[in-house]
Amino acid sequence: MPAPEITPGAPCWIDLMTSDITKARQFYGELFGWEYETGDEEKYGGYTTARKNGKTVAGLMQKDVDQAGMPDVWSTYLRSDDAEATASAVTANGGQVYMPPMDVPEQGHMAIFGDSAGAAIGVWQPREMKGYELVAEPGAAAWHELHTKDYDAAVKFYEEVFGWDTDVMSDTPDFRYTTLGAGDSAKAGIMDASGYLPADVPSNWQVYFNVEDADASVEKAVSLGATVIDGPEDSPFGRLASLADPTGAMFKIIA
């Protein structure tokens, strides 16, 4: 598979903030066949890169002591050619800067923002590290989806801040869904979650990983300490399941 073409505003990277990186490495290594390389502690804080078949697919990071109260979480990063300009656009369009753009030596610049409904979204301005090298293959990210409590505002936010060319996939009262791009070229989705997200659960991005067999993957994940949240069940796009890894980070799989 050639490296994915990553355009500005599109998902380009995912990483996991975890309370137990040893447990996380073992879990995802067994489940997805990942191999790991840990970066220099002084330069990159021990950031771990996961690879599948020699190609980068994700990052893993041990949480700091001051992050102990935060849940373990998978994050999606959108590509930006200018992280500082994106930060300005975020605040101008009703978002927040959770972590201002910071330099990652030689690799690029990263930032974490909150969109207009409070969902956390990462931004990556690449230098040497362009983003993931494998997508939509077993063990790699297959889809990125925003579940938002303010659907109309969220669609406008991503159009304005990230230049999304959106396509309305569905606009019925029980299923409102917009994608970045259309049809087979779509790269991410925004779902109206106002009808089902509990009051104490904020709008959030979710990552889907491709697997060859959803049922077998769920069975294996459970044997490794995961919890099934939903599924597996059939959908028009494949067989899906929602899981929480052994320390509680949520993710989805699709076959």
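Residues numbered from 1 in each chain as written. Predicted model: local features only at pLDDT ≥ 70, side-chain atom pairs only at ≥ 80, totals over all residues. Heavy atoms only, no water.

Asker: Would you mind going over helix α5 (residues 214-223) in detail, with residue names and values included?
Answerer: Along α5, the residues that are buried comprise Ala 214, Ser 217, Val 218 and Ala 221. An end-on view of α5 places all buried positions within 100 degrees of arc, on one side of the element. Turned more than 90 degrees away from the buried face of α5, the exposed residues are Glu 219 and Ser 223. Structurally, α5 contributes buried residues whose contacts are with α1 (21-32), β14 (227-235), β15 (238-244) and β16 (250-254). Where α5 starts, the residue carrying a side-chain oxygen 3.1 Å from the main-chain nitrogen of Asp 215 turns out to be Asp 213. Gly 225 occupies a position one or two residues after α5 and carries a positive phi of about 110 degrees. (Buried < 20%, exposed > 50% of the residue type's maximum accessible area, 1.4 Å probe, protein only. Helix = DSSP H or I, 4+ residues; strand = E, 2+ residues; numbered from the N terminus. Arc of directions from axis to C-beta. Contact = heavy atoms within 4.5 Å. Polar contact = N/O pair within 3.5 Å; in protein donor to acceptor, adjacent residues only side chain to side chain.)

Asker: Run through the pairing of strand β11 (residues 175-180), naming residues and quoting values.
Answerer: As paired strands, strand β10 (residues 166-172) and β11 are joined by 6 bridges and run antiparallel to one another. Within β11, the residue paired with Asp 167 across the bridge is Thr 179. Linking two consecutive strands that pair antiparallel, namely β10 and β11, is a turn of 2 residues. Two strands pair when backbone bridges link them, and β11 and strand β12 (residues 188-192) are joined in this way by 4 bridges, in the antiparallel orientation. Residue Leu 180 lies in a different strand from β12, and its bridge partner there is Ala 188. (Pairing = 2+ DSSP bridges.)

Asker: Describe the sheet that holds strand β2 (residues 35-38), listing the residues and the values that go with them.
Answerer: In spatial order, the strands read β2-β3-β4-β1-β5-β8-β7-β6; together these 8 strands make up an open sheet with mixed pairing. With one partner strand each, in any of the chains shown, β2 and β6 (96-104) form the two edges of the open sheet. For this sheet, the mean angle separating the axes of adjacent strands, direction not counted, is 25 degrees. Relative to strand β8 (residues 120-126), strand β7 (residues 108-114) runs antiparallel, the two being bridged by 7 bridges. Considered in β8, the bridge of Phe 113 is made with Ile 121. (Axes fitted to C-alpha atoms, helices over the stretch in contact; angles between N-to-C directions.)

Asker: Which residues make up the nonpolar core, and what values go with them?
Answerer: Nonpolar side chains in soluble globular proteins generally cluster together in the buried interior. Grouped together as the largest cluster of nonpolar side chains are 39 residues, with contacts concentrated most on Tyr 28, Phe 32, Trp 34, Trp 74, Phe 209, Phe 251 and Ile 253. Of the residues forming this core, the biggest block, 6 residues, is contributed by α1. Dropping the residues within four chain positions of it, Phe 32 is found in contact with Lys 52, Gly 139, Phe 209, Val 211, Phe 251 and Ile 253. By size, the runner-up hydrophobic cluster in this structure holds 23 residues, among which are Ile 121, Leu 146, Leu 180 and Ile 190. (Core = buried A, V, L, I, M, F, W, Y, C linked by side-chain atoms within 4.5 Å.)

Asker: Describe in detail the side chain of Asp 245, supporting the description with residues and values.
Answerer: Examined against the element boundaries, Asp 245 turns out to sit in the loop between β15 and β16. Although Asp 245 lies buried, it forms no salt bridge, and the closest oppositely charged side chain, Lys 23, sits 8.7 Å away as judged by the N-O distance. Looking at Asp 245, its side chain comes within polar contact range of the side chain of Tyr 28, at 2.7 Å. Setting aside anything within four residues of it in sequence, one finds Asp 245 in contact with Leu 16, Phe 27, Tyr 28, Gly 225, Ala 226 and Phe 251. (Lys, Arg positive; Asp, Glu negative; His and termini not counted. Salt bridge = Lys/Arg side-chain N within 4 Å of Asp/Glu carboxyl O.)

Asker: Give me the lowdown on the sheet that holds β10, citing residues and values where you can.
Answerer: For sheets, the rule is that strands pair by backbone hydrogen bonds, running either parallel or antiparallel. Taken in spatial order, the 8 strands make up an open sheet running β10-β11-β12-β9-β13-β16-β15-β14, and their pairing is mixed. Each having just a single partner strand, β10 and β14 make up the two edges of the open sheet. Averaged over all adjacent pairs, the angle separating strand axes in this sheet is 20 degrees, with direction ignored. Taken strand by strand, helix α4 (residues 151-162) contacts β9 (141-148), β10, β11, β12 and β13 (204-210), and its axis lies near 155 degrees from that of β12. Strands β14, β15 and β16 of the sheet are contacted by α5, whose axis makes an angle of about 10 degrees with β15.

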